[in-house]
Each structure stands twice: as structure tokens, then as C-alpha cells.
Amino acid sequence: MINMKKCNYVVGVLGIVIAGMIMQAAAAFPMEFTTNGPGPGFWPFALGGALFICAAILLGYTVINGTELASQEVKLTGPANKRVYQMMGIVVCFTILISLIGFYAAAIVTIPAVMYLVDYREKKGIALTTMGTVVFIYLVFGMLLKTQLPKPFFM
């Protein structure tokens, strides 16, 4: 039997590890404030810090309420969890695709996959949402903020 206490410990430790990796990667970029605002590493580092705090709070909560949480059973194989696992797979594929084919191409593949997963089937709506989102990201991050998003490994 898997209980909530065990799950909380796993999620808390993974959260801290992932937060550390995010903060370490973000630290490679400038974080200081300039006349244009914070450097490109600031917000990813801040998000990593927020994840670290949330994971630490979860671990603390679990330590305090461990007895109660140990009695709560968690069903990881239930049908309601299927979409969660599928979404996790899509996110993993997206992160791999970013380094293989670049951010924009990966987004063009991932956005329709997520929309299909949440049962949106209108092809015109999927196409317009995908193109609109990618164009918006390009205009805001590429043109306005002059942020270079990941390119394919062969470029």
C-alpha cells in the first residue's frame, strides 16, 4: 500500500532536487538589475526558489502530520491519473524536443498535443491557438525582450 506520507516525501525531495537544478542552471545567466529590468537568470532562479520553498513546506507538513498522512491511501493506478501521466510524458517530450528541434518547433508540436489531451478536437481552433501562441512568444520574447530561446542542436 502506498500512503500519502510516502508520496509527500518523494514529491518533496524531488521538488528540492529539481529546484536546485533550476537554480543552478539559472545562475549561469546574469541576474542583476539593469535599466531594462532583471537579467535573464533572475526569474528562472526566483521560480526555482519558489519551488524549493514549496517542497520544503510540504516536507515540513509531512513531518508534522506524518501519522495522519500514513493512514491515507493513494491510488496511483486509478483512471483519473491517466491524463496526469500523459501530461507528464508530454512535458518530458517537450523538454527533449527543445534541444533537438528548438523551442518554437517544439512548441508547435506540444501545444496541439496538450489541447488534444484535454479533449479539444476542433482543428481550426488548435491551429489558431498554436500559431497565435508561438507568434506571441516570438514577438514578446524574441523581438521585444530580445531573449534568445533555445535553437536546435544542429544550429
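Residues numbered from 1 in each chain as written. Predicted model: local features only at pLDDT ≥ 70, side-chain atom pairs only at ≥ 80, totals over all residues. Heavy atoms only, no water.

K.L.:
Any chance you could explain the overall build of the protein here in plain terms?
P.N.:
Helix and strand counts for the protein stand at six helices and two strands. The order of helices and strands in the protein, counted from the N terminus, is α-β-β-α-α-α-α-α. Here the C-alpha atoms of the protein give a radius of gyration of 19 Å, more than 25% beyond the 15 Å that 2.2 N^0.38 yields for 155 residues. Out of the 155 residues belonging to the protein, those deemed buried represent 23%. Across the protein, the fraction of contacts at a sequence separation of at least 24, relative to all contacts at a separation of at least 6, is 61%. (Helix = DSSP H or I, 4+ residues; strand = E, 2+ residues; numbered from the N terminus. Rg over C-alpha atoms; globule rule 2.2 N^0.38 Å. Buried < 20%, exposed > 50% of the residue type's maximum accessible area, 1.4 Å probe, protein only. Contact = heavy atoms within 4.5 Å.)

K.L.:
Even after reading the chapter, I still don't get the pattern of salt bridges, so can you show me in this structure?
P.N.:
Enumeration over the complete set of coordinates arrives at two salt bridges. Among the ionic pairs, aspartate 119 bridges to arginine 83, the shortest N-O distance being 2.4 Å. With aspartate 119 in the loop between helix H5 (103-117) and helix H6 (123-144) and arginine 83 in helix H4 (residues 82-101), the pair connects residues that are 36 residues apart, well separated along the chain. Residue class for aspartate 119 comes out partly exposed when judged on its relative accessible area of 44%. Taking the relative accessible area as the measure of exposure, arginine 83 reaches 39% and is therefore partly exposed. Salt bridges linked by common partners bring Arg83, Asp119 and Arg121 together as one network. (Salt bridge = Lys/Arg side-chain N within 4 Å of Asp/Glu carboxyl O.)

K.L.:
Teacher, can you tell me more about the side chain of threonine 110 here?
P.N.:
Within the element layout of this structure, threonine 110 appears in helix H5. Look at threonine 110 and you get buried, because its relative accessible area is 11%.

K.L.:
Would you mind going over the environment of threonine 62 with me for this structure?
P.N.:
Along the chain, threonine 62 falls in helix H2 (residues 42-64). We classify threonine 62 as buried; its relative accessible area is 0%. The spacing of threonine 62 and asparagine 8 is 54 residues in sequence and 6.6 Å in space, taken between C-alpha atoms. When residues no more than four places from it in sequence are discounted, the contact partners of threonine 62 are Lys5, Asn8, Tyr9 and Leu69. Polar contacts involving the side chain of threonine 62 include one to the side chain of asparagine 8, which spans 3.2 Å. (Polar contact = N/O pair within 3.5 Å; in protein donor to acceptor, adjacent residues only side chain to side chain.)

K.L.:
Is there a simple way to explain the environment of tyrosine 85 in this structure?
P.N.:
Assignment of secondary structure puts tyrosine 85 in helix H4. A polar contact of 2.5 Å, which involves the side chain of tyrosine 85, links it to the backbone oxygen of leucine 76.

K.L.:
Would you mind showing me how to read the nonpolar core here?
P.N.:
One recurring pattern in soluble globular proteins is that nonpolar side chains are buried together. Within the largest apolar cluster, eleven residues are counted, these being Phe94, Ile98, Phe103, Ala106, Ala107, Ile111, Met115, Ile126, Val134, Ile137 and Leu149. A total of five residues in this core trace back to one element, the largest contributor, which is H5. In contact with isoleucine 126, not counting residues within four places along its chain, are Pro112, Met115, Tyr120 and Arg121. (Core = buried A, V, L, I, M, F, W, Y, C linked by side-chain atoms within 4.5 Å.)

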